[in-house]
Amino acid sequence: MEDSEDHILLFNTLTRKKEPFVPIEKGKVKMYTCGPTVYDFAHIGNFRTFIFQDLLKRWLKYRGFNVTHVMNITDVDDKTIRNSRKKGVTLKQYTDYYMKAFFEDLKILNIERAEHYPRATDHIPEMVALIKQLMEKGYAYMGEDGSIYFDISKFKDYGKLSKLKIDELKPGVRVKVDEYGKEEVQDFALWKAWDEEDGDVYWETELGKGRPGWHVECSAMAMKYLGETIDIHSGGVDLIFPHHENEIAQSEAATGKPFARYWLHSEHLLVEGKRMSKSLGNFYTLRDLTAKGYDPMAIRFLLLSTHYRQQLNFTFDGLEAAGNAVSRLRNFVHRLLDANGRGCGKVIKQLMENFKKSFESAMDDDLNISVALAALFDFVRDVNKLLDEQALSRDEALDVYELMMRFNRVLGIMDEGIFKRELPKEAEELIRKREEARKVKDWKTADQIREQLRAMGIIIEDTPQGVKWRIERKTS
RNA sequence: GCCGGGGUGGCCGAGCGGUUUAGGCGGCUGCCUGCAGAGCAGCUGCACGUGGGUUCAACUCCCACCCCCGGCUCCA
């Protein structure tokens, strides 16, 4: 798409600066994002991050990049093992359930699928190979407990992402952790030797009987699917340390090459101004919200509408406001489809051009979504004015419609299905009957039919240009 | 202790040294309308945490202070 490729600026955690995005291979982006640990339903904080990543990917695609996205599924760790044992099911049965739920949630939130969703347990050999390599190169050692640890003192760049000085630990926490066999507190496990807590979850490998540490899966799988150096790696801010720091250490120690060029991290969300936690009772999964009747597109809009590096305060008032904002956009698109005015030529062309430019330059600037949305709503207001004046011809309105859909493919906040112009037969009949009633000023019947249609999810509007209808929700 | 982010009108949320208003949501009024809906227009009282300073000019820069959030431990 034109020469716009190097116009995108992204904030790189590695340098703490906005940098022009230039991929390794022209026109292609290799993107790895840290996915869920499938021990429970994902919560809205998780989805904030996943939606940010989705927006990033969609924007890169809009700008003409061919994006290969890999998102890992962590299906073996302390929590999955503990919970599956508690439930008396196998680890696989347990994680399959939550993985399936996760994919359902992605769909509901209109998050595009990644190209690959590698599961940790399907990649044990790759991880073992990586760990062996690290041992051969002297970066890893076996501890007294039979586990294998990464020796961070051997990796000179340790701390370059999180900007932490390893020798300046939080005072107080230091002493208590030598129940493991590691030589230094900060060393982290690559391979965990089996113990009773693990039950029947273990792999017999050249490294002994055990299971992989958490960080190693991302290095192994990212490199398997995307190569030794990837373009973009992203996750929530909490992953900067130690997870991403450790990924860098493992990967770069093994390959001697940079692991990822751009590290992008999204801020956390707060709920009603407080940190989300189960004990505070402000912990929500997607299901919790949809069960209360909230529109998934409103949820998506809310999670999307604050810049990703800004903490987002999730409130129910905000969710309602987001729902109304989405309605405004939907109504607008419906109006476009009904337009049949005299035409205004240059005026609309100019508006579209300005809108496109503002939206694009905002998004290019580290995904400045607030400014992009402001441009969108400005445009909507201006075009609504033209629609009021019957100044938009059918073709012009369709051009606007196409533009809206094009940007909706970036934002993903409207289900295009609702704009399909299909009315159930019975609804058509009802509308006809209502028109007859209105003709003879039988308002009672007319209002009653309108209510009936509303119950079917069809909203009727009487305008000087005749009756208009729109489908508010899927009636299926 | 060390290191970050932030405090903007009723709510959410951009912005930048100055000439016109970010934008969304909500409320009010008007237009339109049988009603409703949608939309448009106007309004929503000095908007920029506090106190100083720099400047012709600060919400935007500097200093101090207050408050909130986060990282240094599993965590999106």
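One numbering rule holds for all chains: residues counted from 1, following each sequence as written. Going through the entries in the order they are written, you letter the chains from A and number the ligands from 1. Given that the model is predicted, a residue must reach a pLDDT of at least 70 before its local features are reported, and side-chain atom pairs must reach 80 or more before they are shown or counted; all residues, however, enter totals for whole chains, interfaces and linings. The side-chain numbers reported here are obtained from all heavy atoms of the structure, hydrogens and water having been left aside.

### As for the nonpolar core
The tendency in soluble globular proteins is for nonpolar side chains to be buried side by side.
Right, on to step 1. Here, nonpolar core means buried Ala, Val, Leu, Ile, Met, Phe, Trp, Tyr and Cys residues that are tied together by side-chain atoms lying within 4.5 Å of each other. Summary of the burial criterion: residues with accessible area below 20% of their type's maximum are buried, those above 50% are exposed, and those between are partly exposed, where the area comes from a 1.4 Å probe applied to protein chains only. Counting 97 residues, the largest nonpolar core has Phe47, Phe314, Leu336 and Met404 as the members making the most contacts within it.
Right, on to step 2. Val76, Met127, Ala254 and Ala260 belong to the second largest nonpolar core, which has 43 residues in total.

### Let's talk about a negative patch on the surface
Right, on to step 1. Judged by side-chain charge, Glu144, Asp145, Glu183 and Glu184 come together as a negatively charged surface patch.
Right, on to step 2. Here a helix means four or more residues in a row that DSSP labels H or I, a strand means two or more in a row labelled E, and each is numbered from the N terminus. With respect to the element layout, Glu144 can be found in the loop between β5 (140-142) and β6 (148-150). Patch criteria: residues need more than 30% relative accessible area and no salt bridge. Like-charged residues are merged within 9 Å; nonpolar side chains of Val, Leu, Ile, Met, Phe, Trp and Tyr are merged within 5 Å. Areas reported here follow the Shrake-Rupley algorithm with a probe of radius 1.4 Å; residue values treat only the protein chains shown as occluding. For this analysis, a salt bridge means a side-chain nitrogen from Lys or Arg found within 4 Å of a carboxyl oxygen belonging to Asp or Glu. Charge assignment: positive for Lys and Arg, negative for Asp and Glu; neither His nor the chain ends contribute. For the purpose of locating charges, the reference atoms are NZ of Lys, CZ of Arg, CG of Asp and CD of Glu.

### With respect to the protein's contact with RNA strand B
Right, on to step 1. Near is defined per residue: the residue qualifies when any heavy atom it owns lies within 4 Å of the molecule or strand. Looking at RNA strand B, there are 52 residues lining it, with Trp214, Gly236, Gln311, Asp388 and Arg450 nearest.
Right, on to step 2. Per the 4 Å cut-off to the protein, sugar and phosphate atoms form 67% of the nearby atoms of RNA strand B.
Right, on to step 3. Polar contact is defined as a pair of N or O atoms within 3.5 Å, subject to the rule that within protein one atom must be able to donate a hydrogen and the other to accept it, and that residues adjacent in sequence are counted only when both atoms are side-chain atoms. The contact in question runs from a sugar or linking oxygen of RNA strand B to an N or O atom on the side chain of Asn331, over 3.4 Å.
Right, on to step 4. Tallying contributions element by element places helix α11 (residues 369-388) first for the surface near RNA strand B, with 9 residues.

### Structural notes on the packing of α11 against helix α12 (residues 394-411)
Each pair of packed helices can be summarised by the angle the axes make with each other and by the distance between the axes.
Right, on to step 1. For the pair α11 and α12, interaxial distance at closest approach is 13 Å and the crossing angle is 160°. Our classification of the angle between α11 and α12 gives roughly antiparallel. Judged by the sense of rotation from one axis to the other, the crossing of α11 with α12 is left-handed. Across the interface between the two elements, Ile369, Leu373, Leu376, Phe379 and Val380 from α11 touch Val400, Leu403, Met404 and Leu411 from α12.
Right, on to step 2. Note on residue categories: nonpolar means Ala, Val, Leu, Ile, Met, Phe, Trp, Tyr, Cys or Pro, charged means Asp, Glu, Lys or Arg, and polar means any other residue, Gly included. When its residues are assigned to classes, the contact of α11 with α12 shows 9 nonpolar, no polar and no charged. Geometry is summarised by axes, namely lines fitted to C-alpha atoms with helices restricted to the contacting stretch, and by angles between N-to-C directions that run from 0 to 180 degrees. Here the word oblique covers every angle except those under 35 degrees (roughly parallel), over 145 (roughly antiparallel) and from 65 to 115 (roughly perpendicular). Should the near helix be turned anticlockwise from the far one by less than a right angle, the crossing is termed left-handed; should it be turned clockwise, right-handed. Only heavy atoms matter for contacts: two residues are in contact if any of them lie within 4.5 Å across the pair.

### Things to note about the layout of surface pockets
Right, on to step 1. A cavity here means a set of points on a 1 Å grid, drawn over the protein atoms and nothing else, where a 1.4 Å probe fits but cannot get out; a pocket is an open set with protein on both sides within 12 Å along at least five of seven lines, and a residue lines either one if it has an atom within 4 Å of a point. Grid points are joined across faces, edges and corners, and a volume is the space filled by probe spheres set on the points. Size it by volume and the second largest pocket reaches roughly 380 Å³.
Right, on to step 2. Taken together, 20 residues make up the lining of the second largest pocket; nearest its centre are Arg335, Asp338, Glu461, Thr463 and Lys468.
Right, on to step 3. When residues in the lining of the second largest pocket are grouped by element, the largest group, 4 residues, is from helix α9 (residues 316-338).

### Looking at the sheet that holds strand β13 (residues 274-275)
Right, on to step 1. Strands qualify as paired when DSSP identifies two bridges or more between them. Strand order in the open sheet formed by 3 strands is β13-β12-β14, and the pairing between neighbours is mixed. Looking at which strands have only one partner, the edges of the open sheet turn out to be β13 and β14 (312-314).
Right, on to step 2. Bridge count for strand β12 (residues 269-271) against β13 is 2 bridges, and the pairing is antiparallel. What sits directly across from Leu270, in β13, is Arg275.

### With respect to the pairing of strand β4 (residues 66-71)
Right, on to step 1. Looking at chain direction, strand β3 (residues 28-33) and β4 are connected through 6 bridges and run parallel. Each residue of the ladder has a partner; that of Lys28, found in β4, is Asn66.
Right, on to step 2. For a crossover, the right-handed case is the one in which the path from the first strand over the helix to the second runs clockwise, viewed with the strands pointing away from the viewer. Of the crossover connections in this fold, the one passing from β3 over helix α1 (residues 44-62) to the parallel β4 is right-handed.

### Looking at the sheet that holds strand β9 (residues 208-212)
Right, on to step 1. Ordered by their spatial adjacency, 5 strands build an open sheet running β5-β6-β7-β9-β8, and the pairing between neighbours is antiparallel. The sheet terminates laterally at β5 and β8 (203-205), the two strands that pair on one side only. On average, adjacent strands in this sheet sit at an angle of 35° to one another, irrespective of strand direction.
Right, on to step 2. The pairing of β5 with β6 spans 3 bridges and is classified as antiparallel. Across the sheet, the residue bridging to Tyr141 is Tyr149, located in β6.

### Let's talk about the domain arrangement of chain A
Right, on to step 1. Segmenting chain A into domains produces domain 1 (4-266), domain 2 (313-419) and domain 3 (425-471).
Right, on to step 2. Domain segmentation is taken from an automatic or database assignment of domains. Spacing between the C-alpha centres of domain 1 and domain 2 amounts to 38 Å.
Right, on to step 3. Once two parts are put together, the accessible area they lose, assessed with a 1.4 Å probe and summed over both, is termed the buried area. Here domain 1 packs against domain 2, burying approximately 1400 Å² in sum over the two surfaces, 58% of which is carbon and sulfur.
Right, on to step 4. Its largest share of buried area at the contact with domain 2, domain 1 owes to Leu55, Trp59 and Tyr62, together 45% of the area lost on that side.
Right, on to step 5. For the pair domain 1 and domain 2, the interface holds 3 salt bridges.
Right, on to step 6. One salt bridge connects Asp365 with Lys18, and the closest N-O pair in it is separated by 2.8 Å.

### Here's the deal with the pairing of strand β10 (residues 230-236)
Right, on to step 1. Among the 7 residues of β10, 7 are classified as buried, and the element is accordingly described as predominantly covered.
Right, on to step 2. The pairing of β3 with β10 spans 3 bridges and is parallel. Bridge assignment links Met31 to a residue of β10, and that residue is Ile232.

### Remarks on the pattern of salt bridges
Right, on to step 1. Scanning the entire structure with this criterion turns up 41 salt bridges.
Right, on to step 2. The closest approach of N and O atoms between Asp96 and Lys92, which form a salt bridge, is 3.1 Å. You can see Asp96 and its partner Lys92 sitting in helix α3 (residues 91-108), 4 residues apart, about one turn around the helix.
Right, on to step 3. Residue classification places Asp96 among the partly exposed positions, given a relative accessible area of 30%.
Right, on to step 4. A salt bridge links Asp198 to Arg211; the nearest nitrogen and oxygen atoms lie 3.3 Å apart. In this pair, Asp198 is assigned in the loop between β7 (188-193) and β8 and Arg211 in strand β9, connecting sequence segments 13 residues apart.
Right, on to step 5. Arg211 gets classed as buried once you look at its relative accessible area, which sits at 6%.
Right, on to step 6. Each of the salt bridges in this network shares a partner with another, and the network as a whole consists of Arg434, Glu435, Arg438, Asp447, Arg450 and Asp462.

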